Amino acid sequence: MVRWAELGELPELAEIERAADGLFAEVGIVFPPGTTMIEETDDPARVLVEGDPPAGFAMLGWIDGHVHLDQLAVHPARMRQGIGGRLMAAVLDHAAAVGAPGVTLTTFRDVPWNAPWYARHGFAVVPEPAWGPELRALVEHERALGIELAPRVVMRASTTP
């Protein structure tokens, strides 16, 4: 069951994110040291979780008038059970409920559980000329942090038919 996180759950979500990030080493991507994305928020109203205790989470924000998926992580021990798909569906439902025209995200283009997975959930690559100013600033910020360790893309899914 997908639900909004509780404040006390946020610290344990960092372990889920670290474990999920560890999978990237299998495809040659090792993230620079630093805090996880979930450690950078203290607002459970930005975080959807699946399970009790949580097995995965989706952290949301707003960019250029769209709901933005800052992070989606599922603990590797719980992968391939539909958790990510249920979280993604909840993100899209939330975006539609709050009147956002769509959901945006940035992700690795060639990692099978990144851009190809999001494409199966209705996301399409957004060409750079179509990026809004906040999205452009986010991509530049990610590059400055050293996250662009492999080709990345911006993707968007519409919440309207």
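About the criteria used
Residues numbered from 1 in each chain as written. Predicted model: local features only at pLDDT ≥ 70, side-chain atom pairs only at ≥ 80, totals over all residues. Heavy atoms only, no water. Helix = DSSP H or I, 4+ residues; strand = E, 2+ residues; numbered from the N terminus. Rg over C-alpha atoms; globule rule 2.2 N^0.38 Å. Salt bridge = Lys/Arg side-chain N within 4 Å of Asp/Glu carboxyl O. Buried < 20%, exposed > 50% of the residue type's maximum accessible area, 1.4 Å probe, protein only. Polar contact = N/O pair within 3.5 Å; in protein donor to acceptor, adjacent residues only side chain to side chain. Contact = heavy atoms within 4.5 Å.

Glancing now at the overall build of the protein chain. Across its full length, the protein chain holds four helices and seven strands. For the protein chain, the N- to C-terminal ordering of α and β elements is β-α-β-β-β-α-β-α-β-α-β. Taken over the C-alpha trace, the protein chain has a radius of gyration of 15 Å; the compact-globule value for 161 residues is 15 Å, and the two agree within 12%. Principal-axis analysis of the C-alpha atoms places the extent of the protein chain at approximately 40 × 35 × 30 Å.

Taken as a whole and assessed by the stated rule, the structure comprises nine salt bridges. Here R3 makes a salt bridge to D52, at a shortest N to O gap of 3.9 Å. Residue R3 is found in strand 1 (residues 2-4), and its partner D52 is found in the loop between strand 2 (47-51) and strand 3 (54-63); the two are separated by 49 residues along the sequence. What makes D52 exposed here is its relative accessible area of 69%. R136 serves as the salt-bridge partner of E128, at 3.1 Å between the closest nitrogen and oxygen. The class for R136 is partly exposed, based on a relative accessible area of 26%. Sharing partners across several salt bridges, the network here consists of R3, E9 and D52.

Moving on to the side chain of T41. Tracing the chain through its elements places T41 in the loop between helix 1 (10-22) and strand 2. By relative accessible area, which is 9% here, T41 ends up buried. Looking at T41, its side chain comes within polar contact range of the main-chain nitrogen of D43, at 3.2 Å. Ignoring any residue separated from it by four or fewer positions in sequence, one finds T41 in contact with L10, R46, V47 and M59.

What you tend to see is this: most non-glycine residues have negative phi, and most peptide bonds are trans. The omega torsion of the bond from D52 to P53 falls at 5 degrees, within 30 degrees of zero and hence cis. Mapped onto the secondary structure, P53 falls in the loop between strand 2 and strand 3. Of note in the backbone geometry, D64 takes a positive phi value of approximately 50 degrees without being a glycine. Examined against the element boundaries, D64 turns out to sit in the loop between strand 3 and strand 4 (66-74). Non-glycine residue R80 carries a positive phi angle of around 65 degrees. With respect to the helices, strands and loops of the structure, R80 is situated in the loop between strand 4 and helix 2 (83-97).

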